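Chains, contacts and geometry: an overview
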Amino acid sequence: MPGLIGKKIGMTSVFSADGKNIPCTVIEAGPCVVTQVRTVEKDGYAAVQLAYDEISEKHASAPLRGHFAKAGTTPKRKLVEFPADFAGELKLGDTVTLDIFNDAKYVDVAGTSKGKGFQGVVHRYHFQGVGGKTHGQHNRLRHPGSLGASSWPSRVFKGMRMAGHMGNERVKVENLTIMKLIPENNLIVVKGSVPGAKGSYLILEA
């Protein structure tokens, strides 16, 4: 079963049957159009390409306009390929909606996390910092401390955790509980948070 492409709407909360307030994320998922079907005989693997989010004709390149015309749909902004073990279930131009999650209890959500720029080791890797706030030190609290051995090999090992760029990378959160489906508005409410800012694209798989 293929997944869906969606967009993060924002966060809310719902009350459970026992009165607990549960934080949730609202996602607009689909409808997505099948724009390409790959088969083992022709491409060497089975997959289905879905497209989501309308754009105007002038914002799509000529090759993409031809690609979407073959599927009989208008240009879309986001294209994602999903591995699929199917036998003629989906055809070019078919529409995939939220109904594919009707029997699912959990969903995996992947997206691009918020970019946080250049960050130090305390924020990036949760280092404790050097020493404490006492013992006379005043300007080393959020520094990493010693990075290498005093003698051999006289260098810093590759892969040492240091300050650097944080965020803006693909993150996948697995087994999020589906709290509610609202098919008429293409909305799905899942328990907890998902990566990315409001309006960012997400990939949902059951």
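Placed above this text is the structure.
Residues numbered from 1 in each chain as written. Predicted model: local features only at pLDDT ≥ 70, side-chain atom pairs only at ≥ 80, totals over all residues. Heavy atoms only, no water.

Of the regular secondary structure elements, the chain holds three helices and 12 strands. By the compact-globule yardstick of 17 Å for 206 residues, the chain is too spread out, its C-alpha radius of gyration being 23 Å. Counting across all 206 residues of the chain, residues that qualify as buried make up 33%. Accessible surface, the chain as shown: approximately 12,900 Å² in total, 52% of it carbon and sulfur. (Helix = DSSP H or I, 4+ residues; strand = E, 2+ residues; numbered from the N terminus. Rg over C-alpha atoms; globule rule 2.2 N^0.38 Å. Buried < 20%, exposed > 50% of the residue type's maximum accessible area, 1.4 Å probe, protein only. Areas by Shrake-Rupley, 256 points an atom, 1.4 Å probe, with all protein chains shown as cover.)

With that settled, consider the packing of aromatic side chains. For the structure on display, the rule yields two aromatic pairs. Their ring planes at 85 degrees and their centres at 6.2 Å tell us that Tyr-52 and Tyr-201 sit as a pair that is edge-to-face. Pair noted here: Tyr-52 is in strand β4 (residues 47-54) and Tyr-201 is in strand β12 (residues 201-205), with a separation of 149 residues, a long-range link. Given a relative accessible area of 3%, Tyr-52 falls into the buried group. Accessibility expressed as a relative area gives 23% for Tyr-201, which makes it partly exposed. Here Tyr-125 and Phe-127 contribute two aromatic rings whose centre-to-centre distance is 6.4 Å and whose plane-to-plane angle is 40 degrees, an arrangement assigned as tilted. (Phe/Tyr/Trp six-rings, centres within 6.5 Å; stacked < 30°, edge-to-face > 60°.)

Attention now goes to the sheet that holds strand β1 (residues 4-15). Spatially, six strands are ordered β1-β2-β11-β10-β7-β12 in a closed barrel, and the strand pairing comes out antiparallel. Averaged over all pairs of adjacent strands, the angle between their axes in this sheet comes to 45 degrees, without regard to strand direction. Examined bridge by bridge, strand β7 (residues 106-112) and β12 share four bridges and lie antiparallel to one another. In the sheet register, Val-109 faces β12, and the bridge partner there is Leu-204. (Pairing = 2+ DSSP bridges. Axes fitted to C-alpha atoms, helices over the stretch in contact; angles between N-to-C directions.)

Before going further, it helps to examine the nonpolar core. Where a protein is soluble and globular, its nonpolar side chains tend to be buried together. In this structure, Ile-27, Leu-50, Phe-101, Val-107, Val-109, Ile-188 and Leu-204 are the most contacted members of the largest nonpolar core, which totals 27 residues. In this structure, Leu-50 is in contact with Gly-3, Ile-5, Cys-32, Val-33, Val-34, Thr-35, Lys-78, Leu-79, Val-80, Phe-82 and Val-96, ignoring residues within four places of it in sequence. Core analysis: the second largest hydrophobic core is formed by six residues, Cys-24, Val-26, Leu-187 and Val-189 among them. (Core = buried A, V, L, I, M, F, W, Y, C linked by side-chain atoms within 4.5 Å. Contact = heavy atoms within 4.5 Å.)

Within the element layout of this structure, Lys-20 appears in the loop between β1 and β2 (21-29). Taking the relative accessible area as the measure of exposure, Lys-20 reaches 54% and is therefore exposed. Among residues more than four places away in sequence, those in contact with Lys-20 are Val-14 and Phe-15.

Cis rather than trans, the peptide bond between Gly-30 and Pro-31 has omega equal to -5 degrees. Among the structural elements, Pro-31 can be located in the loop between β2 and β3 (32-38). Each neighbour pair has its own omega, and for Trp-152 with Pro-153 the value is 0 degrees, a cis peptide bond. Not every positive phi belongs to a glycine, and Asn-175 is a case in point at roughly 60 degrees.

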